[in-house]
Amino acid sequence: MEKSETVINHTCVIIPTYNNGGTVADVVARALQQTPHVIVVNDGSDDDTLSVLQPFDIILVSYDRNRGKGHALKQGFRKARELGFRYAVTLDADGQHFPEDIPLLLEVCLKYPQALIVGVRNLTEDNMPRGNTFANRFSNFWFCIQTLQRVADTQSGFRLYPLSRMKDWWIVSSRYEAELGLLVLAAWLDVEICQTDVRVHYPPQYERVTHFRPGLDFARISVLNTLLCVGALFFYLPKLLVYNLPRSLWFRLKEWQRCSLSAPGRKPSN
């Protein structure tokens, strides 16, 4: 119980928003029911986002010009560190994520306190945009190539980040594709990645507010994936062979030695 309260008290929720005036108030209100520590990053909204946020007791980071989701996340993480939080849960402001599922991520955090935890959406959900489904599968494939790991939803923005394990430079892009790059770098730098199922809500097309630009954003993702593949070839794979593999073999050898010495009838040599 004490450990659970410690994690909860040291966790904040970060909600980046850009022109989500119609949904952000509901998301914030529901997030505040889970924790009083909510940071909203207003990424240059020019609709009524700021006015609908006024009634809430939140920490607001705001700037005039839209800089992109990657930049908004970086500002949110900086503020969270300044305030002494150890963990940050990120939620999208468009209403697709359920703040009521935050405890699911915290439950995994209790077992793996140094892990980055991804909330995996059901990609067959009704109203799931076809473009999103294809982009996510495309992203999942390249993530596996770049890290030799499998994550079922690499484009999910519903995550829990261990702030002590992260650096600002991990966010290599200021835009939509930043979360993918962050996930790859975390894997390269030995941050364990855990997953848990979460719910997702996609409103009908006529109600949906999206800032995803299929042509431009897909091109940016492709460029980033190309760079990450180069990085995997010249950094990650050599790191696995030179550092991770020998270290793993050494630990396995020590474990084998320990088990051998503790076997019945076996005495340690003098």
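Whatever comes next refers back to the structure up there.
Residues numbered from 1 in each chain as written. Predicted model: local features only at pLDDT ≥ 70, side-chain atom pairs only at ≥ 80, totals over all residues. Heavy atoms only, no water.

Some points on unusual backbone geometry
So the rule is basically this: Numbering of helices and strands runs from the N terminus; a helix is a DSSP stretch of H or I covering at least four residues, while a strand is a stretch of E covering at least two.
In this structure, Leu148 is a non-glycine residue whose phi angle is positive, near 60°. Residue position: Leu148 is located in the loop between helix 6 (130-147) and strand 6 (159-162). Its identity is not glycine, yet Asp190 carries a phi of approximately 70°, on the positive side. Mapped onto the elements of the fold, Asp190 is located in the loop between helix 7 (178-188) and strand 7 (193-197).

Overview of the pattern of salt bridges
Rules: The working definition used for a salt bridge is a side-chain nitrogen of Lys or Arg within 4 Å of a carboxyl oxygen of Asp or Glu. The buried label applies to any residue whose accessible area, calculated with a 1.4 Å probe on protein chains only, is under 20% of its type's maximum; exposed applies above 50%, and partly exposed to all values in between.
Counted under the stated rule, the structure contains eight salt bridges. Here Lys69 ties to Asp92 by a salt bridge, and the two come within 2.7 Å at their closest N and O atoms. Note that Lys69 is positioned in helix 4 (residues 69-82) and Asp92 in the loop between strand 4 (87-90) and helix 5 (102-111), a separation of 23 residues in sequence. By relative accessible area, which is 13% here, Asp92 ends up buried. In this structure, Lys69 and Glu179 form a salt bridge, with 3.1 Å as the shortest nitrogen-oxygen distance.

Some remarks on the sheet that holds strand 1 (residues 11-17)
Two orientations exist for strands paired in a sheet by backbone hydrogen bonds: parallel and antiparallel. Inclusion rule: Note on pairing: DSSP must find at least two bridges between two strands before they are called paired. Where helices are involved, their axes are fitted lines through C-alpha atoms of the stretch in contact, as for all axes, and angles between N-to-C directions lie from 0 to 180°.
The sheet built from seven strands is open, its strands ordered 3-2-1-4-6-5-7 with mixed pairing. Strands at the two margins of the open sheet, each flanked by one partner only, are strand 3 (59-63) and strand 7. Geometrically, the sheet is characterised by an average inter-axis angle of 20° between neighbouring strands, direction not taken into account. Direction of pairing for strand 5 (residues 116-120) relative to strand 6: antiparallel, over a ladder of two bridges. Within strand 6, the position partnered with Ile117 by the bridge is Leu160.

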